[in-house]
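# Coordinate inspection notes
Each chain, letter by letter, is given below.
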Amino acid sequence: MPIHENLLGGPPPTHLPDDPEPREMLASGTAPADVAAKYPASSLAWAQLADDAFEAGRVVESYAYARTGYHRGLDSLRRAGWKGHGPVPFEHEPNRGFLRALHALARAAQTIGEQEEYERCTTFLRDSSPTAADTLS
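Criteria and thresholds
Residues numbered from 1 in each chain as written. Predicted model: local features only at pLDDT ≥ 70, side-chain atom pairs only at ≥ 80, totals over all residues. Heavy atoms only, no water. Helix = DSSP H or I, 4+ residues; strand = E, 2+ residues; numbered from the N terminus. Buried < 20%, exposed > 50% of the residue type's maximum accessible area, 1.4 Å probe, protein only. Contact = heavy atoms within 4.5 Å. Areas by Shrake-Rupley, 256 points an atom, 1.4 Å probe, with all protein chains shown as cover. Lys, Arg positive; Asp, Glu negative; His and termini not counted. Charge placed at Lys NZ, Arg CZ, Asp CG, Glu CD. Arc of directions from axis to C-beta.

The name an unreviewed UniProt entry gives the protein is DUF3151 domain-containing protein, with Streptomyces noursei as the organism.

Here it is in structure tokens:
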């Protein structure tokens, strides 16, 4: 039996392809808005914008950035073979932008009182990556 076989019979983990440029730009101090403008498909850039807006008390803006990062991440996941469910491991660094955007969307939804969206996103995050749910909380 192959070592990576899923014994539970579910879909295999989805690993997004690495896109190091946005990550490196953010790490070097480039403004997240500049990174998002150059790499609009980068969930990581949108997640950082969402985090920055949330920390500054701009919750609705955070929600909008997080929703953009979430949807860009769904597009990337689908291109990587994801069928709408299954693991998206936080341990695989390229997945973290999507998972951070999903967490940011849940956080902003809860803050503005959108309880159903908060619950949906929280469940989706935990189902995708228990590690992400524990780490980002």
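### Points about the overall build of the protein
Assigned secondary structure in the protein consists of seven helices and zero strands. Its helices and strands in sequence order give the protein the pattern α-α-α-α-α-α-α, from N to C terminus. Principal-axis analysis of the C-alpha atoms gives the protein an extent of 50 × 35 × 25 Å. Counting across all 137 residues of the protein, residues that qualify as buried make up 42%. At a minimum sequence separation of 6, the contacts of the protein that also span at least 24 residues come to 62%. For the protein, the computed accessible surface area is about 7500 Å², with 55% contributed by carbon and sulfur atoms. Here the protein contributes 13 positively and 19 negatively charged side chains, and the mean placements of these two sets differ by 3 Å.

### Quick notes on helix α1 (residues 20-27)
By the burial criterion, the buried members of α1 are Pro22, Met25 and Leu26. Each buried residue of α1 lies within a common arc of 95 degrees when the element is viewed along its axis, so the set occupies one face. Across from the buried face of α1, at angles greater than 90 degrees, the exposed residues are Glu24 and Ala27. Those residues of α1 hidden inside the fold are in contact with α2 (32-38) and α3 (43-55). Note on α1: the residue one or two positions beyond its end, Gly29, has a positive phi of about 100 degrees.

### Notes on the side chain of Ser76
With respect to the helices and strands, Ser76 occurs in helix α4 (residues 59-79). Setting aside its immediate chain neighbours within four residues, Ser76 contacts Leu16 and Ala41.

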